[in-house]
Number of protein chains: 2
Amino acid sequence: VTADLPAEFFRHVQAEICAALEAADGGATFREDAWERPGGGGGFTRILTDGRVFERAGVGYSEVMGALDPAFAARLPGEGTRFRAAGVSLVLHPKSPMIPTVHANFRAIDKGDTRWFGGGMDLTPYVLDATYYPRLKRWCDAYFTLPHRGEMRGVGGIFFDYLGLSADEARLAAGAEAMHLVERAVPHGEAFAFVRSAASAFLPAYLPLVERRRDDPWGDSERNFQLLRRGRYVEFNLIYDRGTTFGLRTGGRTESILMSMPPLARWEYDYQPLPGSPEARLIDAVRNPREWA
Amino acid sequence: VTADLPAEFFRHVQAEICAALEAADGGATFREDAWERPGGGGGFTRILTDGRVFERAGVGYSEVMGALDPAFAARLPGEGTRFRAAGVSLVLHPKSPMIPTVHANFRAIDKGDTRWFGGGMDLTPYVLDATYYPRLKRWCDAYFTLPHRGEMRGVGGIFFDYLGLSADEARLAAGAEAMHLVERAVPHGEAFAFVRSAASAFLPAYLPLVERRRDDPWGDSERNFQLLRRGRYVEFNLIYDRGTTFGLRTGGRTESILMSMPPLARWEYDYQPLPGSPEARLIDAVRNPREWA
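Report on the accompanying structure. From a predicted model like this one, the values you see are computed outputs, not experimental measurements.

1. Concerning the relation of the copies chain B and chain A
Between the two copies, chain B and chain A, the superposition gives an RMSD of 0.0 Å; the rotation angle is 180 degrees and the shift along the axis is 0.0 Å. Considering both components of the superposition, the chain copies are consistent with a two-fold axis. Residue B:Ala265, judged by its C-alpha, is the member of chain B lying nearest the rotation axis, at 2.7 Å. Taken as a fraction of all interface residues of chain B, those also at the interface in chain A reach 100%, which identifies the copy contact as same-surface.

Following this line, the structure appears as structure tokens:
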């Protein structure tokens, strides 16, 4: 295992994003909790609560290392069970239903002598504005899905994993799925450069959405629908999310892993939007992936 | 696969429990949705919403059959992949934080020529009353746990699985865990009688709690804590619950499987109750299993 994981870069991304979000919020500031992982490593979790714009914003940095349990290790690329992982992840739950929830994460993993990068970002809007999300959508539709709902979690974004592996290693690691991702990604050797550029794209992509939407009026109907869609967000994160699974299986700090949970979420039995309503248009968009760009 | 699963009994239990809950609620009534499973079978989902006592009450009956995917089938007792399962399950989310949430389910499964029974019930109170839960607690502490939280979901109840298997079959099915449950359960051959008696125990055990607690006053503080504990309920059901997993993996109807989700749930980063508060006592109880009886 090499020692030069781009941990410093991820910690820098965390600081930069938190500063920009505090400025955008104009109310609350981030609290930082340092934590240590019993098996090795630790992190810094930053949480902003009850701001003017954000009901909750969590931006986590971690660098963990040690030994994976053998059954889990066997499903990942690289030899043996020793690993080291560093990354930054964020989830923003705005108060206003007019501003989409956003998730982003970028990580680098070493296992044995193998290193790869993964990450993504995706938008979870509550009010669909088809003219307004043209920038981010690439190939995440295949990942951020709730098969049991026949829905995507959001309207799209980007997702990637196994970047930095050779084609042979990627095929070995996760078969058809990895090849699909890797083939549409970047040349072997440019993985970290790609991650740098993707991470840098987050603030300029998201902050204009906040600015444009922050003063839009909304009422109970928008709020209720926002809470219902947050319920879907919870379903994805607890049933499918790769980062959550990896974190819980490797003994990460539960509060830091589950900082992505929304402050409030709602479930309604057999919810059906009114035909032709804005809610119906949004549900149509998450059921039928579109090419926004 | 024999054709005489006690499906009629489970459907009868559903009717009886719904009638009693409607009477206890005194406001709303159950709506029934019939559904069919594409692979075979179906069910009847009954939901009561926005009642005087219950914010949501769901009582589901289903009988499903067909072929399991081979990898999943290999982890269950019995030969081959053909199965038939019938059961009843309920989750009650009372409006008042003074009345505990309760979950119960009873099921019978045939796979190949092997039949077994499973089920349980457990209480998830929001206000701890140590004098009031002496009846149900048996051996469910080992099952209804959130390892990532170091907590149980509730304060206890009963849980059982693999009832009806011989000791050899149970050892083969799930090793030490099954033996632990089976050895403390009932003689081989009396499994269905045990399930009948456990199902009959639900109403007399729970309705007195409702009656005793329904007029207790409560405020924002109790409500907020109720919503936080409901968040833990969501975590258990989506990450660990055997019925949810079985249902989603065997193509059950998502709305019927996830009727157990609470109407509203809350997550707070790194919540810590005030030392000595009622909330602190409850958290102590779910972290440190007790013998109530």
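Further notes follow.
2. Some points on the pairing of strand β2 (residues 41-49) of chain B
All names here are of chain B. Looking at chain direction, strand β1 (residues 31-36) and β2 are connected through six bridges and run antiparallel. Bridge pairing in β2 places arginine 31 opposite isoleucine 47. If you look at the hairpin formed by β1 and β2, you'll find four residues sitting between the two strands, and glycine 40 has a positive phi there, around 135 degrees. Pairing between β2 and strand β3 (residues 54-67): nine bridges, direction antiparallel. What sits directly across from glycine 42, in β3, is glutamate 63. The antiparallel hairpin formed by β2 and β3 contains four residues in its connecting segment, where aspartate 50 sits at a positive phi of about 55 degrees.

3. Some words on the pairing of β3(B)
Residues and elements named next belong to chain B. The element β3 is extensively covered by neighbouring structure, given that eleven of its 14 residues are classed as buried. In this structure, β3 lies alongside strand β4 (residues 82-94), joined through 13 bridges in antiparallel fashion. Directly across from glycine 66, in β4, lies its bridge partner phenylalanine 83.

4. Section: the side chain of A:Glu55
Residue and element names in this part refer to chain A. Tracing the backbone shows glutamate 55 in strand β3 (residues 54-67). Engagement of the side chain of glutamate 55 in a polar contact is seen with the side chain of arginine 223, the distance being 2.9 Å. Separated by 3.0 Å, the side chains of glutamate 55 and arginine 230 make a polar contact. Ignoring any residue separated from it by four or fewer positions in sequence, one finds glutamate 55 in contact with Leu48, Thr49, Asp50, His93, Pro94, Lys95, Arg223, Arg230, Pro263 and Leu264.

5. Some details on the nonpolar core
Residues B:Phe10, B:Phe54, B:Leu92, B:Phe106, B:Phe202 and B:Tyr206 are the most contacted members of the largest nonpolar core, which totals 39 residues. Listed by contribution, the elements that provide at least two residues to this core are α1 (7-25), β3, β4, β5 (101-111), β6 (114-124) and α4 (191-213) of chain B. A total of ten residues in this core trace back to one element, the largest contributor, which is α4(B). Listed in part, the 37 residues of the second largest apolar core include A:Cys18, A:Leu48, A:Ile99 and A:Leu163.

Conventions used here
- Residues numbered from 1 in each chain as written.
- Chains lettered and ligands numbered in written order.
- Predicted model: local features only at pLDDT ≥ 70, side-chain atom pairs only at ≥ 80, totals over all residues.
- Heavy atoms only, no water.
- Least-squares fit on C-alpha atoms with pLDDT ≥ 70 in both.
- Contact = heavy atoms within 4.5 Å.
- Pairing = 2+ DSSP bridges.
- Helix = DSSP H or I, 4+ residues; strand = E, 2+ residues; numbered from the N terminus.
- Buried < 20%, exposed > 50% of the residue type's maximum accessible area, 1.4 Å probe, protein only.
- Polar contact = N/O pair within 3.5 Å; in protein donor to acceptor, adjacent residues only side chain to side chain.
- Core = buried A, V, L, I, M, F, W, Y, C linked by side-chain atoms within 4.5 Å.

From the geometry alone we can't say anything about function, so treat these as descriptive.
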